[in-house]
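# Structural overview for review
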Amino acid sequence: MGDVKNTGMGFADQLPTPDPIPAGKLFPRAAEMKKYYEYFFDPRYDGFEPELEFIADMPFHTSREVESSPLGVGFEVLDHRTGYIFEKALPFARNTGVKWARLQSGWQRAEKEPGRYDFAWLDEIVDGLREAGIQPWFSLSFGNGLYMEGAEPIPPHNNWFFSPTRFGEKGVRGWTNYCKAMAEHFKDRVFHWEVWNEPNGGFLRLPNTGKKLVIEEPSVYVELVSITAKAIRSVQPQAKIIGGAIAGCSICNDYISKLFKSGIAEHIDIFSYHPYEGGVLEMYFPNRLQYIRDLIAESGRKITVWQGENGRPSNSALLHRGWKATEGCQARYLTRRYLTDLRLGIEMTSYFTICDIGNGYLPNGNVHSQGVIDATDPENYRPKLSYRAMQSMAWLFDSRTELTHGCFEIHPMSAWGVSTLPIEYGSGITAVFRRGNIPIFAYYHPTNTDADWQVKPVFLETWLDETMKFDKPILIDPITARIYRIKKMTEWSDGSYGNVLILPKMPLMDYPLFVTDASLMNEK
């Protein structure tokens with residue numbers, strides 16, 4: 001394995017460095033449990049030492065080193081409240097390897113006097129991200145009290161979650177002028193414009209309904225999309241307009257259907273979706289994605305789909321999302337979110353979010369912990385396990401890696417075809433990618449990311465044509481960022497159906513592990 005580089009990631013404060021089991025210690029992994037409240041995969045402790053040999057830490061790329069990629073991260077809520085400090089998050093963002101960043105524009109913050117716009121705060125963010133090799137895209141979000149007379153802002157942050165079209169010519173003119181000013185100011189730096197945020201999730205509502213939340217009709221949102229698209233394209237004709245920004249849930253299809261019936265496809269280039277659907281994200285998302293694609297096909301328009309916002313907390317004090325919610329749960333969710341979107345052919349997938357949001361953003365004082373950077377201590381930001389997982393996924397899935405449709409199967413450790421073991425003992429989700437002539441196989445079991453999972457032994461089976469390179473197999477763990485040499489691989493043939501390759505005993509986890517050839521690690 002001399003062609004594999006030991007890159008030395010230097011994440012000393014993350015997972016412990018592999019070392020021998022201390023003699024006579026009853027709990028040799030006590031420090032790991034104390035820090036993370038769980039154990040992570042390690043062949044020495046999990047019964048895979050005969051099959052796997054640790055050889056290197058996984059490399060990573062800075063975002064500037066990546067030419068292009070479908071992976072993104074959110075930089076939301078910097079619009080009119082400081083939930084975290086951009087300057088402190090940016091150095092970490094540089095090393096993620098992702099290429100896209102979602103920003104909220106903040107009409108209320110940008111225009112405090114009619115007709116006078118202050119974009120200096122946004123310039124700092126846009127220019128900082130672009131210098132780091134990350135392309136920003138804007139969510140043109142929320143209203144402005146200057147143009148919404150008679151309406152009461154929504155606590156606790158005094159947001160104006162109302163359509164400008166509800167306030168006559170004044171509201172429409174104010175919004176149109178703001179969108180044109182944004183496009184003029186950023187036309188050489190930002191090229192993708194999303195209209196509003198989660199209109200079906202309470203962020204586009206009827207004004208003056210007291211404490212009762214009444215969602216605007218989808219046709220009202222489509223009218224807003226039409227007005228916004230015309231304003232942006234009048235300044236930037238080649239702009240890409242993003243519509244939808246839908247909050248995923250069990251009843252979102254009704255809203256989406258009405259959007260297309262109201263003609264949203266006539267105005268947009270991209271449809272965005274926020275699939276907040278629980279800890280088993282693979283369960284409903286594929287069908288809902290296909291439903292959106294079917295509506296797009298019926299429209300006759302060439303529209304792509306972006307996954308614009310989705311994440312998971314690292315503690316359970318947020319909106320009751322996650323009943324376990326640890327750093328490990330969050331990291332597992334991130335790897336599964338990215339991989340699910342990639343294997344379903346989504347062109348851009350954004351993880352929410354770059355940094356924990358605190359500083360009084362939540363009225364109860366809790367920290368919004370969906371960030372990959374821990375901001376519990378506002379003076380000392382710290383990368384979480386999900387940050388390292390993001391680096392791993394970005395290294396594996398830049399634009400050189402392509403989705404393919406190969407053969408890669410999981411089987412229980414029993415006689416092939418006759419097992420009666422429960423499904424978790426030898427089944428799961430697989431996906432096949434390739435970088436040039438090097439295959440990248442992904443596999444995992446889609447149990448709830450908040451559940452306790454015990455590693456299962458399985459055997460893996462694949463067939464490759466003669467053009468693919470797979471003679472020095474390795475296993476990559478994206479969360480611990482460790483690379484293992486696979487010691488055993490066998491070739492099997494029954495003389496009739498050709499040859500298959502078998503990895504006779506491999507770990508099955510509740511997050512993706514990747515099997516590939518060692519030559520992948522030599523690529524820049």
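Below is a short write-up of the structure. (Residues numbered from 1 in each chain as written. Predicted model: local features only at pLDDT ≥ 70, side-chain atom pairs only at ≥ 80, totals over all residues. Heavy atoms only, no water.)

The subject of this paragraph is the environment of Gly263. Looking at the element boundaries, Gly263 is found in the loop between helix H8 (252-261) and strand S7 (270-274). What makes Gly263 buried here is its relative accessible area of 13%. Considered as a pair, Gly263 and Lys456 are 193 residues apart in the sequence and their alpha carbons are 49 Å apart. (Helix = DSSP H or I, 4+ residues; strand = E, 2+ residues; numbered from the N terminus. Buried < 20%, exposed > 50% of the residue type's maximum accessible area, 1.4 Å probe, protein only.)

Of the two faces of strand S5 (residues 192-195), both are covered, the one formed by His192 and Glu194 as well as the one formed by Trp193 and Val195. Between strand S4 (residues 135-140) and its parallel partner S5, the chain crosses via helix H6 (residues 168-186), and the hand of that crossover is right-handed. Here S5 runs beside strand S6 (residues 240-247); their pairing, made up of three bridges, is parallel. Across the sheet, the residue bridging to His192 is Lys240, located in S6. Assessed by its sense of winding, the connection that carries the chain from S5 through helix H7 (residues 218-235) to S6 is right-handed. (Right-handed = clockwise from strand over helix to strand, strands pointing away. Pairing = 2+ DSSP bridges.)

The next point concerns the side chain of Asp269. By secondary structure assignment, the location of Asp269 is in the loop between H8 and S7. The class of Asp269 is buried, set by a relative accessible area of 18%. Discounting residues that sit within four places of it in the chain, Asp269 has contacts with Arg233, Ala239, Lys240, Ile241, Arg301, Lys302, Ile303 and Thr304. (Contact = heavy atoms within 4.5 Å.)

In contact at an axis separation of 10 Å, H8 and helix H9 (residues 285-299) are set at 15° when each is read in the N-to-C sense. Overall, the two elements H8 and H9 adopt an arrangement that is roughly parallel. With respect to the hand of their crossing, H8 and H9 are arranged in right-handed fashion. Of the residues in H9, those in contact with Cys252, Asn253, Ile256, Ser257 and Phe260 of H8 are Arg288, Tyr291, Ile292, Leu295 and Ile296. Its residues assigned to classes, the contact of H8 with H9 shows seven nonpolar, two polar and one charged. (Axes fitted to C-alpha atoms, helices over the stretch in contact; angles between N-to-C directions. Parallel < 35°, antiparallel > 145°, perpendicular 65-115°, else oblique. Left-handed = near helix turned anticlockwise from the far one by under 90°. Nonpolar A, V, L, I, M, F, W, Y, C, P; charged D, E, K, R; others polar.)

What follows is about the nonpolar core. Core analysis: the biggest nonpolar cluster contains 150 residues, and Phe75, Tyr84, Trp193, Tyr443 and Val515 have the highest contact counts within it. The contact partners of Tyr84, leaving out residues within four places of it in the chain, are Phe75, Glu76, Val77, Leu78, Ala89, Ile354, Cys355, Asp356, Ile357, Asn359 and Tyr381. Listed in part, the six residues of the second largest apolar core include Trp137, Ile242, Ile270 and Met348. (Core = buried A, V, L, I, M, F, W, Y, C linked by side-chain atoms within 4.5 Å.)

Reading across from one edge, S1-S18-S17-S21-S15-S14-S12 is the order of the seven strands in this open sheet, with antiparallel pairing throughout. The open sheet has two free edges, formed respectively by strand S1 (52-57) and strand S12 (401-404), since each of these has just one partner strand. Each neighbouring strand pair of the sheet contributes to a mean axis angle of 30°, computed without reference to strand direction. Pairing of strand S15 (residues 438-444) with strand S21 (residues 513-517) involves four bridges; the strand directions are antiparallel. Bridge pairing in S21 places Ile440 opposite Thr516. Packing against the sheet, helix H10 (residues 327-343) makes contact with S12, strand S14 (429-435), S15 and S21, and its axis sits at approximately 70° to S14.

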